[in-house]
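Chain by chain, the residues:
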Amino acid sequence: MIRNWAWSICVAALCLAPQDVWANDPCADHVPQPKPQNASRDIVGQDMDTIMDRGFMTFAVYEDFAPYSWEDAGQPRGVDVDLAHLIAEYVGVEARFKFVTAGETLDADLRNNIWKGPIVGGAVSNAMMRVPYDSAFKCRVEQVVFPGQYHEERIAIAYSEAAYPDGGPVPAYFRFDTVAVENDSIADFYLSGFAGGQTGKGVRRYPSMQAAMEALNAGETMAAMGPKAQLEFFAGDGVAVHEPPLAGLARGKWVLGTAVHFAYRPLSYTVGDAVTEALSNGAVEKIFAEYGITHHPPQW
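Residues numbered from 1 in each chain as written. Predicted model: local features only at pLDDT ≥ 70, side-chain atom pairs only at ≥ 80, totals over all residues. Heavy atoms only, no water.

An unreviewed UniProt entry annotates the chain as Transporter substrate-binding domain-containing protein originating from Thalassococcus lentus.

Encoded structure:
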């Protein structure tokens, strides 16, 4: 499983497509889907009146995915958890969390957690956190709306300051130097094919970004490559993070937001308003700072 990105838009479209694809109308080839039919009882409880009456709002967050969401001694923690609390407070209810496993695609995650429910057991949530926003993708998934974009995630490189006293490495260095990546992540794909595969021999693969950073912190590799927030959160003493030019990577930045069922527009508008207020009053930036990571507001 591509842990960080299987639930994002298709890897080839997200990071390896020609730049001019993104300059065109993202919905030009859109074919309307059949109107979704929701016969399951799981959908009950999504409207604002029900949420207010019962006094809580449910959020789907990814499990074991620090610094965004994880459980610490049974208590939900992370950027997405804290932001969800702000959204629930804006609505006037309590936040409750459902920790979910990343599926093979974002479509599957949205189907299981927002508009239909899992095949066996469980129910949909009122909102899902850390959903990659893409204008072309939203045209294809009509069952979901995507309010409340709150952060621009970026691909970056963490490195040992002792190994690189003159500044951080660029991808070409990994023809000779070692770099840790999460297995089957975009960083893995990118470095495995960069410069005709010349950097592939420097890649060291780990089951998670946390494990990759632990290897860097322990001196097992000279650098690590992946989402900047994770690099910053897991960086140990003597490790720095920078954003060098990434030649050939058509899209090394993407916006994160929330997802809500398409039928509950008042809820989606409220979620969007809550995030907008949290961005404008500095609450989102403060949350990121509390976890030692840099907040990059969405750039439109």
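Caption draft 1: Structural context of the overall build of the chain. Helix and strand counts for the chain come out as 11 helices and 12 strands. Put simply, the chain has 300 residues, and 53% of those count as buried. A total accessible area of about 13500 Å² is found for the chain, and carbon and sulfur atoms account for 50% of it. (Helix = DSSP H or I, 4+ residues; strand = E, 2+ residues; numbered from the N terminus. Buried < 20%, exposed > 50% of the residue type's maximum accessible area, 1.4 Å probe, protein only. Areas by Shrake-Rupley, 256 points an atom, 1.4 Å probe, with all protein chains shown as cover.)

Caption draft 2: Quick peek at the environment of arginine 140. Position of arginine 140 relative to the elements: it lies in helix α6 (residues 135-140). Taking C-alpha positions, arginine 140 is 9.4 Å from aspartate 107, a pair spaced 33 residues apart along the chain.

Caption draft 3: A look at helix α4 (residues 79-91). Here α4 contains 13 residues, and its C-alpha end-to-end distance of 19 Å stays within 8% of the 18 Å for a straight helix at 1.5 Å per residue. Of all the residues in α4, the buried ones are Val79, Asp80, Val81, Leu83, Ala84, Ile87, Ala88 and Val91. Positive phi appears at glycine 92, one or two residues downstream of α4, with a value of about 100 degrees. (Expected span 1.5 Å × (residues − 1).)

Caption draft 4: Just unusual backbone geometry, in detail. The omega torsion of the bond from alanine 66 to proline 67 falls at 5 degrees, within 30 degrees of zero and hence cis. As for its placement among the helices and strands, proline 67 is situated in the loop between β1 (56-62) and β2 (70-72). Even without a glycine there, the phi angle at arginine 130 is positive, about 55 degrees. Of note, the phi angle at aspartate 184 is positive, near 60 degrees, even though the residue is not glycine.

Caption draft 5: Fine view of the packing of α4 against helix α11 (residues 283-290). At their nearest, the axes of α4 and α11 sit 10 Å apart, and the two run at 150 degrees to each other. Comparing their axes, α11 and α4 come out roughly antiparallel. Regarding α4 and α11, the two cross each other, and that crossing is right-handed. In this structure, α4 uses Val79, Asp82, Leu83 and Leu86 to contact α11, whose residues at the interface are Ala283, Val284, Ile287, Phe288 and Glu290. When its residues are assigned to classes, the contact of α4 with α11 shows 7 nonpolar, no polar and 2 charged. (Axes fitted to C-alpha atoms, helices over the stretch in contact; angles between N-to-C directions. Parallel < 35°, antiparallel > 145°, perpendicular 65-115°, else oblique. Left-handed = near helix turned anticlockwise from the far one by under 90°. Contact = heavy atoms within 4.5 Å. Nonpolar A, V, L, I, M, F, W, Y, C, P; charged D, E, K, R; others polar.)

Caption draft 6: The nonpolar core, seen in detail. The biggest cluster of nonpolar side chains holds 69 residues, and the ones touching the most others in it are Met57, Phe59, Ile87, Met213 and Met225. By size, the runner-up hydrophobic cluster in this structure holds 18 residues, among which are Phe65, Leu110, Trp115 and Met128. (Core = buried A, V, L, I, M, F, W, Y, C linked by side-chain atoms within 4.5 Å.)

Caption draft 7: Inspection of the side chain of histidine 295 at higher detail. Structurally, histidine 295 is set in the segment after α11. For histidine 295, a relative accessible area of 14% translates into the label buried. At a separation of 2.7 Å, a polar atom in the side chain of histidine 295 contacts the main-chain carbonyl oxygen of tyrosine 150. With near-sequence residues (within four places) excluded, histidine 295 lies in contact with Tyr150, His151, Leu279, Val284, Glu285 and Phe288. (Polar contact = N/O pair within 3.5 Å; in protein donor to acceptor, adjacent residues only side chain to side chain.)

Caption draft 8: Up close: the pattern of salt bridges. On inspection of all chains with the given rule, the structure shows 8 salt bridges. The residue arginine 130 makes a salt bridge to glutamate 153 at a minimum N-O spacing of 3.3 Å. Of this pair, arginine 130 sits in strand β5 (residues 127-133) while glutamate 153 sits in strand β7 (residues 151-160), and the two are 23 residues apart along the sequence. This pair shows no difference in class: arginine 130 is buried, exactly as glutamate 153 is. Connected through shared salt-bridge partners, Glu152, Arg154, Lys228 and Glu243 make up one network. (Salt bridge = Lys/Arg side-chain N within 4 Å of Asp/Glu carboxyl O.)

Caption draft 9: Main features of the packing of α4 against helix α10 (residues 265-280). Two elements in contact, α4 and α10, have axes whose closest approach is 9 Å; the angle formed by their N-to-C orientations is 115 degrees. Like other packed secondary-structure pairs, α4 and α10 cross with a definite hand, here right-handed. From α4, Leu86, Ile87, Tyr90 and Val91 reach across to α10, where they touch Thr270, Val271, Asp273, Ala274, Val275, Glu277 and Ala278. Among the residues forming the contact of α4 with α10, the class breakdown is 8 nonpolar, 1 polar and 2 charged.

Caption draft 10: Representation of α10. Compared with the 22 Å implied by 1.5 Å per residue over 16 residues, the 22 Å span of α10 between its first and last C-alpha is a close match. All of the buried residues along α10 are Leu267, Ser268, Thr270, Val271, Gly272, Ala274, Val275 and Ala278. Looking at the buried residues of α10, the elements they touch are α3 (48-54), β1, α4, β6 (144-145), β12 (253-261) and α11. Positioned one or two residues after α10, glycine 282 has a phi angle of 85 degrees, which is positive.

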